[in-house]
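# Fold and geometry: a report
For reference, the chains in residue letters:
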2 protein chains.
Amino acid sequence: MHKLDRTDTRLLLALTEDPRSTIVALAEKLGLSRNTVQARMSALDASNVLHPFDRRINPVALGYPLTAFISVHLQQQQLGTIVEKLSDIPEIVQAHGLSGTSDLLVRVVCTDADDLFRITGLILECEGVERAETSLAMGELIPFRAKPLLEREQNA
Amino acid sequence: MHKLDRTDTRLLLALTEDPRSTIVALAEKLGLSRNTVQARMSALDASNVLHPFDRRINPVALGYPLTAFISVHLQQQQLGTIVEKLSDIPEIVQAHGLSGTSDLLVRVVCTDADDLFRITGLILECEGVERAETSLAMGELIPFRAKPLLEREQNA
DNA sequence: CGGGGGTTGCACATTCTGCTCTATCCAGCG
DNA sequence: CGCTGGATAGAGCAGAATGTGCAACCCCCG
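Residues numbered from 1 in each chain as written. Chains lettered and ligands numbered in written order. Predicted model: local features only at pLDDT ≥ 70, side-chain atom pairs only at ≥ 80, totals over all residues. Heavy atoms only, no water.

For the rest of this paragraph, the subject is the pairing of strand β1 (residues 66–74) of chain A. Residue and element names in this part refer to chain A. β1 sits mainly inside the fold: eight of its nine residues count as buried. With seven bridges joining them, β1 and strand β3 (residues 104–110) adopt antiparallel strand pairing. In the sheet register, I70 faces β3, and the bridge partner there is V106. As paired strands, β1 and strand β4 (residues 129–142) are joined by seven bridges and run antiparallel to one another. Of the residues in β4, the one forming a bridge with S71 is E133. (Buried < 20%, exposed > 50% of the residue type's maximum accessible area, 1.4 Å probe, protein only. Helix = DSSP H or I, 4+ residues; strand = E, 2+ residues; numbered from the N terminus. Pairing = 2+ DSSP bridges.)

Below is the structure:
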C-alpha cells in the first residue's frame, strides 16, 4: 500500500472539504503546481487508497431508512460459503470478520421492521449459521470520518 | 429526503463505475442531455444523498492497519456527553447508537495492538461508560456496497 | 384547458484537462 | 565529488468540459 506523505493528506483534506473541486482549484488551494496535483491524483486513483464511490451513497435516500447490525455466530469452517451466500442478499451492505465472541458483524439496511425480520431469516437459513443477534441502529452518532486522522497527519 | 427516481439511480451507478467521469461522459453513457445530468448532479450535491468524501478514504493508507469494533455499555442518561468526549478521539472513526444488549457500537482504527489498548482505555475513562467489549476486525469480508441496491432499483 | 416539472437543444465565454518539454531542487549512492 | 532518480514547477497548446442563459418541448395533474 502506497504510504501517504503530507502532500497527499493535504490533498485528501482539501477534497474532503470540496469533493468536486477541480485540479486547478486544488493546486491553487494547496500552493502546488497543477502538474503535481495531477500526478498525485492519478497515483491515488491507481492505488487502493480510495474506496469505491459506493461508500458515499446514503441508503436512506435509496429507500432504506433502517440500519441494523447483526452479530453472527457460525461454524468457522463454513465461513467462506456463508459469506458467498450473504453476498447475494442486497440488503447486506457490509460484513466484517471478527475475533471475539461473534464471528461476523453484518450491516444490513431495510425498509421497515418486517423487512428486517425477513432478512435475518435469510441469514439464519444459511448452512453453518448458528445464531444471529440483531441490534437496530438508532442513529449514526459519529458519522464516519477520516478528517481527524488527516489533520493529525498535518501537524505531525 | 429527496426520493431518488430511476434516472438518479442510474446516475449513481454510472458514478460508482467511474467516480471521476465528467458530466458529458455521464450524459452520453446514460443517453441523457448534458443539462439533465448537470441538474441531477447539482440536486444530489445539494441534498444529503451523498455522504462526505471522507468515506472513501481507506484508513489503512493513513497508517492505521487495524480496525476494531467496540460494544459500549453505558448509562444512557450520559449518552450525549459521552458521544461528545468520544468525538475528540481521532481514532474513533464512527459510532452508532444501538438498541439491544449494548448501547453504542464504536468503530476504531489503530496502528497496532498497543494502540488499541490505549484507545479502549480512553473510552473506559469516560464518565458513564460501564463496559466495553472489543472485537478485532479480521477483514472486511463484504466491502461496503450500495450497488446491489441500486441495481435492484433499476429493474424495479 | 392551463400550469409546472422535468427534459432537451443550442450557443457563448470561460475554464479545465491531458499532454509534452524543460528546468530546478534534493537526497542517496558509488 | 559528481551522478542519478524522484518530485516538483513552469509554460504552452489543442481539445474538451463547464457554467450559464434561454427557448422549446412533453406529459402528468388539477
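Per the UniProt record, "domain: HTH asnC-type" (unreviewed entry) is found at residues 4–65 of chain A. Counting secondary structure, residues 4–65 of chain A comes out at 53% helix and 0% strand; the distance between its end C-alpha atoms is 36 Å. (UniProt positions renumbered as here; feature names shortened; annotations may be inferred.)

Every residue lining DNA strand C is accounted for by T22, I23, V24, R34, N35 and Q38 of chain A together with L32, S33, R34, N35, T36 and R40 of chain B. Of what DNA strand C places within 4 Å of the protein, 57% of the atoms are sugar or phosphate. One of the side-chain N or O atoms of R34 of chain B is found 3.2 Å from a base nitrogen in DNA strand C. Looking at the surface near DNA strand C, the elements that each hand over two or more residues are α2 (23–30) and α3 (34–46) of chain A together with α3 (34–46) of chain B. Of all the elements, α3 of chain B adds the most residues to the surface near DNA strand C, at four residues. (Near = heavy atom within 4 Å. Polar contact = N/O pair within 3.5 Å; in protein donor to acceptor, adjacent residues only side chain to side chain.)

On to the relation of the copies chain B and chain A, then. When chain B is fitted to chain A, the best match, at an RMSD of 0.0 Å, comes from turning it 180 degrees and sliding it 0.0 Å along the axis. Interpreted geometrically, this transformation is the action of a two-fold axis. For chain B, the smallest separation between a C-alpha atom and the rotation axis is recorded for R55 of chain B, amounting to 3.0 Å. Interface overlap between copies is the fraction of interface residues in one copy that are interface residues in the other; for chain B against chain A it reaches 100%, indicating a shared surface. (Least-squares fit on C-alpha atoms with pLDDT ≥ 70 in both. Contact = heavy atoms within 4.5 Å.)

Here the focus is the protein's contact with DNA strand D. Around DNA strand D sit 14 residues in total, of which S33, R34, N35, T36 and R40 of chain A are the nearest. Of all DNA strand D atoms lying within 4 Å of any protein atom, the proportion belonging to sugar or phosphate reaches 60%. One nitrogen or oxygen atom from the main chain of S33 of chain A is found 3.0 Å from a phosphate oxygen belonging to DNA strand D. Take R40 of chain A: an N or O atom from its side chain is 2.2 Å from a phosphate oxygen of DNA strand D. Sorting the residues of the surface near DNA strand D by element identifies α3 of chain A together with α2 (23–30) and α3 of chain B as the ones contributing at least two each. Element by element, the count of residues in the surface near DNA strand D is highest for α3 of chain A, at four residues.

It is worth spelling out the pattern of salt bridges at this point. The full count for this structure, using the stated rule, is 18 salt bridges over all chains. Residue R55 of chain A is joined to E140 of chain B by a salt bridge in which the shortest nitrogen-to-oxygen separation is 2.7 Å. One end of the pair, R55 of chain A, is in the loop between α3 and β1; the other, E140 of chain B, is in strand β4 (residues 129–142), on a second chain. Here R55 of chain A falls in the buried class, since its relative accessible area comes to 8%. (Salt bridge = Lys/Arg side-chain N within 4 Å of Asp/Glu carboxyl O.)

Glancing now at the domain arrangement of chain A. Segmenting chain A into domains produces domain 1 (6–50) and domain 2 (59–136). Taking the mean C-alpha position of each, domain 1 of chain A and domain 2 of chain A sit 36 Å from one another. (Domains from an automatic or database assignment.)

Turning our attention to the interface of chain B and chain A. With 67 residues of chain B in contact, the opposing surface of chain A contributes 67 residues. Together, F53, R56 and F144 of chain B form the three largest contributors to the area buried by chain B at its contact with chain A, with a combined 12%. Between chain B and chain A we count six salt bridges in total. Here D45 of chain A makes a salt bridge to R20 of chain B, at a shortest N to O gap of 3.2 Å. Seen at the junction of chain B and chain A, the total is 38 residue pairs in polar contact (both at pLDDT 80 or more). Broken down by secondary-structure element, the contributors of at least two residues to the side of chain B that touches chain A are α1 (6–17), α3, α4 (79–87), β2 (92–98), β3 (104–110), β4 and α6 (147–155) of chain B. Top element by residues in the side of chain B that touches chain A is β4 of chain B. It accounts for eight residues. Counted by class, the side of chain B that touches chain A contains 41 nonpolar, 13 polar and 13 charged residues. (Buried area = accessible area lost by both parts, 1.4 Å probe. Nonpolar A, V, L, I, M, F, W, Y, C, P; charged D, E, K, R; others polar.)

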